[in-house]
Amino acid sequence: MLQGKHIVLGISGSIAAYKAAVLARLLIKRGAEVQIVITPAGKEFITPITLSALTSKPVISEFFSGRDGTWNSHVDIGLWADAMLVAPATAATIGKMAHGIADNMLITTYLSMKSPVFVAPAMDLDMCAHPSTEDNLRLLEQRGVRVIEPSEGFLASHLEGKGRMQEPEVIVQALEDFFALGKDLAGRRALITAGPTYEPLDPVRFLGNHSTGRMGIALANELHRRGAEVCLVLGPSALRPAPGVEVISVQTAQQMLEASRAHVASADIAIFAAAVADYRPAERREHKIKRESEGELVLQLVKNPDIAATLAQDKRPGQLFVGFALESGSGEAEAQAKLKRKGLDAIVLNSLEDEGAGFGHLTNKISILTPDTPMRSYPLKSKEAVAGDIVDFIRSTISGETHA
Ligand code: C5P
């Protein structure tokens, strides 16, 4: 239910705007209060009169009222809202949201929004598949915007493909699911390691790996959204978590260990999602290594500390420590052994053989193992959805539910 929720419904100029009337109606039926903000192009597709009649509120589209010059405060709307939903979201509106082009009331409202934002894209299949649209959507996702993926089907252009705005029922369900979860981890503290580590050879070179940090960042965002206080110890990564997650940026495994050590004692939950380099060069040269003066170069590597295993040695009762294992083959036996060896409470296993899982992918396919319950396997999902499953597991474990 959406009882009492304040929803800002942003409508942009797509033929799917006709569905926004049904959407507004459904939101109100579920108990929400709806404030519509429409772009100038949106008004070409659906009239403000229809929408204000449905929502019992004036529809906002201009910065100032043409009649009496009253200023429409996007800041106040941003504070009032429990969520903003942009449906339909055109390629232009998505692009403006991604790049802060605040030339209409919908975008200024979005930029003032303090609450979660959902977008339901609607556009022709080629626009939907264009790299600029894809990049803009991914950029918004990285900043915590939830994308309600368009479906495939018959489009206004008479072509068939991906780009149809989801049906109003599906969109409302996404909002209901979101609010149903609530802040079930309020008062808990979480520590997460994520990303690769870079182990320097000299001032310009390093040993590293292809981890993007996406899985750990998705976990940080999910825990934060559900009310936990989150500290993310992040190796070199181009990605950033949602505002509100504390980030400690590190480069090397040793720095990651020290930063994590400083925060682990106060954490109820620790998740080790980082792809830590197992070895580092025995020495870091002060000057750039030069081919001319070296001949054959032999690197000597020394072992890095195992952050998860080191910190698990001082684990207090009541703390929950979760690790990751990336294995070839099914990996169950290796993951089970790793769980014991490192002293963890659970391990999230992804197999290198599962297509679309692990490093560099937007998706992941996981199983969760504990020392004393059967392995639970999940289907291939976006890393954000996988984070939801892992956090569900964590929440039910710390609240003492059984997983048999
Ligand atoms: O041993 P392996 O690298 O497969 O273990 C993976 C798990 O251990 C992950 O949770 C990873 O974050 C953690 N790890 C660590 N420090 C290391 C190596 C791995 O915390 N040096």
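Residues numbered from 1 in each chain as written. Predicted model: local features only at pLDDT ≥ 70, side-chain atom pairs only at ≥ 80, totals over all residues. Heavy atoms only, no water.

Undergrad: Kindly report on the site of the ligand, identifying the contributing residues and their values.
TA: Lining the immediate surroundings of the ligand are Phe272, Ala274, Val276, Asp278, Pro305, Asp306, Ile307, Ala308, Gly323, Phe324, Lys338 and Lys342. Contact distances for the ligand include 2.8 Å between an oxygen atom and a backbone N or O atom of alanine 308. Between an oxygen atom of the ligand and a side-chain N or O atom of lysine 342, the distance comes to 2.9 Å. Summarising the interface, the protein chains cover 86% of the accessible area of the ligand, which totals 450 Å² for the free molecule. With respect to the pocket detection grid, the ligand is positioned in the second largest pocket. Counting residues per element, the ones that place at least two in the shell around the ligand are helix 13 (307-312), strand 16 (320-327) and helix 14 (332-342). (Near = heavy atom within 4 Å. Polar contact = N/O pair within 3.5 Å; in protein donor to acceptor, adjacent residues only side chain to side chain. Areas by Shrake-Rupley, 256 points an atom, 1.4 Å probe, with all protein chains shown as cover. 1 Å grid on protein atoms, 1.4 Å probe; cavity = no way out; pocket = protein on both sides within 12 Å on 5 of 7 lines; lining within 4 Å. Sits in = over half its atoms within 2 Å of the grid points. Helix = DSSP H or I, 4+ residues; strand = E, 2+ residues; numbered from the N terminus.)

Undergrad: Just give me the short version of the packing of aromatic side chains, but keep the residues and values in it.
TA: Summed over all chains, the structure comprises four aromatic pairs. For the pair phenylalanine 118 and phenylalanine 178, a centre-to-centre distance of 5.3 Å together with 85° between the ring planes defines the contact as edge-to-face. With phenylalanine 118 in strand 4 (residues 117-121) and phenylalanine 178 in helix 9 (residues 168-181), this pair connects stretches of sequence that are 60 residues apart. Overall, phenylalanine 118 belongs to the buried group, its relative accessible area being 3%. We classify phenylalanine 178 as buried; its relative accessible area is 11%. Taken together, the aromatic side chains of Phe118, Phe178 and Phe179 make up a single cluster linked through ring pairs. One residue, arginine 146, lies across the ring of phenylalanine 118, its end atom 6.0 Å from the ring centre. Taking NZ or CZ as reference, lysine 315 lies 5.8 Å from the ring centre of phenylalanine 321, over its face. (Phe/Tyr/Trp six-rings, centres within 6.5 Å; stacked < 30°, edge-to-face > 60°. Buried < 20%, exposed > 50% of the residue type's maximum accessible area, 1.4 Å probe, protein only. Lys NZ or Arg CZ within 6 Å of the ring centre and 35° of its normal.)

Undergrad: Describe the side chain of lysine 342, with residues and values.
TA: The residue lysine 342 is located in helix 14 in this model. Residue classification places lysine 342 among the buried positions, given a relative accessible area of 18%. Reaching out from lysine 342, the side chain makes a polar contact with the side chain of aspartate 306 at a distance of 2.6 Å. When residues no more than four places from it in sequence are discounted, the contact partners of lysine 342 are Asp306, Ala308, Ala309 and Ala312. (Contact = heavy atoms within 4.5 Å.)

Undergrad: Go over the pattern of salt bridges with me, naming the residues and quoting the values.
TA: Overall, the coordinates contain 24 salt bridges when judged by the stated rule. Note that lysine 315 and aspartate 345 form a salt bridge whose closest N and O atoms lie 3.0 Å from each other. In this pair, lysine 315 sits in the loop between helix 13 and strand 16 while aspartate 345 sits in the loop between helix 14 and strand 17 (346-351), placing the two residues 30 residues apart along the sequence. Overall, lysine 315 belongs to the partly exposed group, its relative accessible area being 27%. Looking at aspartate 345, the relative accessible area reads 21%, which means it is partly exposed. (Salt bridge = Lys/Arg side-chain N within 4 Å of Asp/Glu carboxyl O.)

Undergrad: I'd like a rundown of the pairing of strand 16, residues and numbers included.
TA: With six of eight residues buried, strand 16 lies mostly within the body of the structure. Across four bridges, the pairing between strand 13 (residues 269-272) and strand 16 is parallel. Its bridge partner being in strand 16, phenylalanine 272 is matched across the sheet by glycine 323. Here strand 16 runs beside strand 17; their pairing, made up of six bridges, is parallel. (Pairing = 2+ DSSP bridges.)

Undergrad: Tell me about the domain arrangement of the protein, and please be specific about residues and values.
TA: We note that the domain assignment places domain 1 (6-182) and domain 2 (184-398) within the protein. For domain 1 versus domain 2, the separation of C-alpha centres amounts to 35 Å. Contacts between the two partners involve seven residues from domain 1 and, on the opposite side, 10 residues from domain 2. With both chains or domains summed, domain 1 and domain 2 bury close to 760 Å², and 47% of this area falls on carbon and sulfur atoms. At the boundary of domain 1 with domain 2, the tally comes to zero salt bridges. Summed over the shared surface of domain 1 and domain 2, the number is zero residue pairs in polar contact (both at pLDDT 80 or more). Residue assignment for the side of domain 1 that touches domain 2 shows that the elements contributing at least two residues are helix 8 (131-142) and helix 9. Split by residue class, the side of domain 1 that touches domain 2 holds two nonpolar, two polar and three charged. (Domains from an automatic or database assignment. Buried area = accessible area lost by both parts, 1.4 Å probe. Nonpolar A, V, L, I, M, F, W, Y, C, P; charged D, E, K, R; others polar.)

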